[in-house]
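Below, each chain spelled out in residue letters.
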Amino acid sequence: MPTVNAYAAQDATTPLAPFQIERRDLRPNDVQIEILFSGVCHSDIHQARSEWGPGLYPMVPGHEIVGRVTAVGGQVQGFKPGDLAGVGVLIDSCQDCPSCAEGLEQYCENGHTTTYNSRERDSGNLTFGGYSSSIVVREEFVLRVPESLDLKAVAPLLCAGITMYSPLRHWKIGPGHRVAIVGLGGLGHMGIKLAAALGAEVTLFTTSQSKAADAMRLGAHHVIISSDPAAMKAARTSFDFILSTVPTSHDLAPYLRTLKLGGQLVIVGAIDPVGVHGGLLISHRRSVSGSNIGGLTETQEMLDFCAEHGIVADIELIDMQDINAAYERMVRNDVKYRFVIDMASLGGEAAAD
């Protein structure tokens, strides 16, 4: 079993630090990838700090992975050494249940396996993520990365991008639809780009007037300051579809009032919805739903769509050694709009004594 360099959290309170992990030997259907870039998702912080329940330690975060294939198992047909490849949130599922049969591995009824903070289905070994020099993943969960895109800015598409793309595609958003995105951050900025590329008329809901110019640069057609009662009243019954990216519990009632007859508000955060009153729903046959990343087929579709439209994330590239400072900046919302780690900076750094 090859040993590779990584950065890991040893518990919920200590900073990430150099660590060495073992990757499994290649199985017949495995793909080995040298990691070039690893995106930094806010969920990395939540899990490293056990904010979503007890974490599994040592923990190597990272589920937005872009790299090059260095070796493949004897039964692999879709990849060869030298190919660009990506790995997202999922690295395994049962492949047998109705959800998996539909290409919806994120909803695997027997439980999917995540890229880190999880256990391999067969061995029970901990999974370790993209804050490392390489990874081994079964072929079915490896994605083809288009050569035409800026690789470092592709990494966040593997989580932030698909988290936005999946609900937009599921609800068939396209020309003629009026779409609103709530919140301009790592998810929201991708939501604006993708919804606009799909042909929708896009509005950003934000509490900050200072974000208006950036929203328009990203592709929004309008900006509404959600803390302005008059602006919110003027927007009532305006939208077909609202995608809320806010990661904390907040009052949904003002946004629900802006939905048209039959309108849909979709939540992508693990929040407790507030303000979802029956009267607001039944008065215009409105709905509130949730969405969780996307399956492998849809994620590949998203990557190909982004290549066709020249879409990547707005990023700030950092060295591996700056990850703890980046975490603190993310908590303060001090990034436009995603950090990405240049994994070349990990180099031959060995685990701390």
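If you're wondering where the values come from, they're calculated on a predicted model, not measured in any experiment.

Enquirer: How should the packing of aromatic side chains be read in this particular structure?
Expert: For any two aromatic rings, the description comes down to two numbers: the centre-to-centre distance and the angle of the planes. If you walk through the whole model with that rule in mind, you get four aromatic pairs. For the ring pair Trp171 and Phe241, a centre distance of 5.9 Å and an interplane angle of 45° mean the geometry is tilted. Taken together, the residues span a long stretch of sequence, with Trp171 in the loop between helix 4 (160–170) and strand 10 (178–182) and Phe241 in strand 13 (residues 239–244) at a distance of 70 residues. Overall, Trp171 belongs to the partly exposed group, its relative accessible area being 25%.

Enquirer: Hey, could you run me through the pattern of salt bridges in this one?
Expert: If charged atoms from side chains of opposite charge come close, those side chains can pair. Scanning the entire structure with this criterion turns up 20 salt bridges. Of the charged contacts in the structure, one is a salt bridge between Glu120 and Arg24, with a shortest N-O distance of 3.0 Å. One end of the pair, Glu120, is in the loop between strand 7 (113–114) and strand 8 (134–138); the other, Arg24, is in the loop between strand 2 (17–22) and strand 3 (30–40), and 96 residues separate them in sequence. With relative accessibility at 16%, the residue Glu120 sits in the buried group. Residue class for Arg24 comes out buried when judged on its relative accessible area of 16%.

Enquirer: Could you clarify how one ought to interpret the nonpolar core in this entry?
Expert: Inside soluble globular proteins, nonpolar side chains tend to come together where they are buried. Within the largest apolar cluster, 93 residues are counted, with the highest numbers of intra-cluster contacts made by Tyr131, Val154, Ile192, Leu194 and Ile323. Look past the residues within four positions of Leu194 in its chain and what remains in contact with it is Gly161, Met164, Tyr165, Leu168, Phe305, Cys306 and Ile311.

Enquirer: Sorry, what's going on with helix 5 (residues 186–197) here?
Expert: Owing to its 3.6 residues per turn, the α-helix aligns residues three or four sequence positions apart on the same side. Taking 1.5 Å of rise per residue, twelve residues should cover 16 Å, and helix 5 covers 17 Å from first to last C-alpha, within 8% of that figure. Burial analysis of helix 5 places ten of its twelve residues in the buried class, which makes it a mostly covered element. For helix 5, the complete set of buried residues consists of Gly186, Leu187, Gly188, His189, Met190, Gly191, Ile192, Lys193, Leu194 and Ala195. On its buried face, helix 5 is in contact with helix 4, strand 10, strand 11 (201–206), helix 6 (212–218), helix 10 (296–309) and strand 17 (338–342).

About the thresholds
Residues numbered from 1 in each chain as written. Predicted model: local features only at pLDDT ≥ 70, side-chain atom pairs only at ≥ 80, totals over all residues. Heavy atoms only, no water. Phe/Tyr/Trp six-rings, centres within 6.5 Å; stacked < 30°, edge-to-face > 60°. Helix = DSSP H or I, 4+ residues; strand = E, 2+ residues; numbered from the N terminus. Buried < 20%, exposed > 50% of the residue type's maximum accessible area, 1.4 Å probe, protein only. Salt bridge = Lys/Arg side-chain N within 4 Å of Asp/Glu carboxyl O. Core = buried A, V, L, I, M, F, W, Y, C linked by side-chain atoms within 4.5 Å. Contact = heavy atoms within 4.5 Å. Expected span 1.5 Å × (residues − 1).

Shape descriptors only; they carry no functional weight alone.
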